[in-house]
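Per-entry structural report
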Amino acid sequence: MLLVVAPAAAQRSAPSDDPRVGPARGSLVLVGGGLGDERIVERIIALAGGRDAPLVVIPTAGGAPHYDQHWKGQLQFRNAGATDITVLHTYDPKVADTDEFVAPLRRARGVFFGGGRQWRLADAYLNTQTHREIFALLERGGVVSGSSAGASIMGSFLVRGDTETNTLMIGDHIEGFGLLKNVGIDQHLLRRNRHFDLIEVIQAHPELLGIGLDEDTAIVVEGDRFEVIGQSYVAIYDNQRQIPPGGRFFFLAPGDGYDMGSREAWRPVQTERPLERVEKLPWGR
């Protein structure tokens, strides 16, 4: 069941000038893994400024001993027409804190974090110059994107951040990059039967908004609002609002939208009525 509430203006108005959750400028694209839908890759490239826009891809979460400019993870972007791609990688936060290392980020219009284990991204880049340049890229109006671990690292709370196992929801790493504030993000949601897992996180941290992303599915974030794109579903976990009589999460389908600040979802009604009209259902409080 999808719970849908939003003012009609939410379909048309620009992102808030003072977002409470998302970035004030730029865009985020968070993918639940797989990244087999070319439309998601094309959306990232378009938000970066087109096929000739400089992109940085960061494979660090994968954990291989070495990555170079031939990393195969960039091929999906090259196959989609991107022409200016730099692979950027280190496991050493001291290296990540240098001007030389971040030089490609300073000219980039987009960055993509690949999958693997999200704690590796935290160990390498959290609170370094690299981390600050990611925020600076957004301030320039660029796009920050990631798939699987690269999506989870975007939240302020790092879900599945344990170094020993990815089955612990609250592990020995709990701080993410904070591109989305007071948010925890899970991935591979339905493909790996994880749709009940985020309940544990929001029970332990009731102030958090939980967002679960299935494979080949993404949210495109501008300000506090996002749109669902791709092939499957996104789940919302919110202690403040639930489906009566006590449902702990609800699903959003491709085309649906959500405001993370007001915690309201909407779906355009597919009728002959104007698009700005929305189907409304009451929240349980």
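Details of the structure are given in the entry above.
Now for a description of the structure that goes with this document. (Residues numbered from 1 in each chain as written. Predicted model: local features only at pLDDT ≥ 70, side-chain atom pairs only at ≥ 80, totals over all residues. Heavy atoms only, no water.)

What about the environment of Leu75?
Using the following cut-off: Runs of H or I in DSSP of at least four residues are treated as helices and runs of E of at least two as strands, each being numbered from the N terminus. Per-residue accessibility, obtained with a 1.4 Å probe over protein chains only, is compared with the maximum for each type, and a residue is labelled buried under 20%, exposed over 50%, and partly exposed between these values.
Structurally, the position occupied by Leu75 is in helix α2 (residues 75–79). According to the relative accessible area criterion, Leu75 is partly exposed, its value standing at 44%.

Thoughts on the sheet that holds strand β1 (residues 27–31)
Selection rule: Two strands are said to pair when DSSP picks up at least two bridges between them. Here, axes are lines fitted to C-alpha atoms. For helices the fit covers the stretch in contact, and angles between N-to-C directions go from 0 to 180 degrees.
Across the sheet, 9 strands lie side by side as β3-β2-β4-β5-β1-β9-β10-β13-β14; this open sheet has mixed pairing. Strands at the two margins of the open sheet, each flanked by one partner only, are β3 (85–87) and β14 (264–266). Averaged over all neighbouring strand pairs, the angle between strand axes comes to 20 degrees, with direction disregarded. Across 3 bridges, the pairing between strand β10 (residues 225–230) and strand β13 (residues 257–259) is antiparallel. Bridge assignment links Arg225 to a residue of β13, and that residue is Asp259.

With respect to the pattern of salt bridges
The test is simple: For salt bridges, the criterion is a side-chain nitrogen of Lys or Arg within 4 Å of an Asp or Glu carboxyl oxygen.
A complete count under the given rule lists 12 salt bridges for this structure. The partner of Arg43 in a salt bridge is Glu227, with the nearest N and O atoms 3.0 Å apart. Pair noted here: Arg43 is in helix α1 (residues 38–48) and Glu227 is in strand β10, with a separation of 184 residues, a long-range link. Looking at Arg43, the relative accessible area reads 28%, which means it is partly exposed. A salt bridge links Arg263 to Asp238, with the shortest nitrogen-to-oxygen separation between them at 2.6 Å. With a gap of 25 residues between them, Arg263 in the loop between β13 and β14 and Asp238 in strand β11 (residues 234–238) connect regions that are remote in the sequence. Accessibility classification places Arg263 together with Asp238 in one group, the buried group. Here the salt bridges share partners, and the residues they tie into one network are Arg160, Asp186, Arg194 and Asp197.

Digging into the packing of helix α4 (residues 99–107) against helix α6 (residues 129–139)
Going by this rule: Roughly parallel means an angle under 35 degrees; roughly antiparallel, over 145; roughly perpendicular, 65 to 115; everything else is oblique. By convention, the crossing between two helices is left-handed when the near helix turns anticlockwise from the far helix through less than a right angle, and right-handed when the turn is clockwise. We call two residues contacting when some pair of their heavy atoms lies within 4.5 Å. Here the term charged refers only to Asp, Glu, Lys and Arg, the term nonpolar to Ala, Val, Leu, Ile, Met, Phe, Trp, Tyr, Cys and Pro, and the term polar to all other amino acids, Gly among them.
Running from N to C, α4 and α6 point in directions that differ by 15 degrees, and their axes come no closer than 10 Å. Considered as vectors, α4 and α6 are oriented roughly parallel to each other. Relative to α6, the crossing made by α4 is right-handed. Facing Asp99, Phe101, Val102, Leu105 and Arg106 of α4, the residues of α6 in contact are Gln129, Thr130, Glu133 and Leu137. Considering only residue class, the contact of α4 with α6 consists of 4 nonpolar, 2 polar and 3 charged.

Observations regarding empty space enclosed by the protein
What counts, and what does not: Using only the protein atoms, space was sampled on a 1 Å grid; points where a 1.4 Å probe fits but cannot get out form cavities, open sets with protein on both sides within 12 Å along at least five of seven lines form pockets, and lining residues are those with an atom within 4 Å of a point. Grid points are joined across faces, edges and corners, and a volume is the space filled by probe spheres set on the points.
Under the counting rule described, the total for this entry stands at 1 cavity of 30 Å³ or more. Of the volumes computed, that of the largest cavity is approximately 30 Å³. In terms of lining, the largest cavity is formed by Ile44, Leu55, Val56, Val57, Phe77, Gly110, Val111, Phe112 and Ser145. Elements represented by at least two residues in the lining of the largest cavity include exactly β2 (55–58) and β4 (110–113).

Topic: the sheet that holds strand β6 (residues 155–157)
What the 5 strands build is an open sheet, ordered β6-β7-β8-β11-β12; its pairing is mixed. Edge positions in the sheet fall to β6 and β12 (250–252), since each has one partner strand and no second. Between one strand and the next, the sheet's axes are offset by a mean angle of 45 degrees, whatever the strand orientation. Both strand β7 (residues 180–186) and strand β8 (residues 209–213) contribute to a ladder of 4 bridges, which runs parallel. Paired with Val183 across the bridge in β8 is Leu209.

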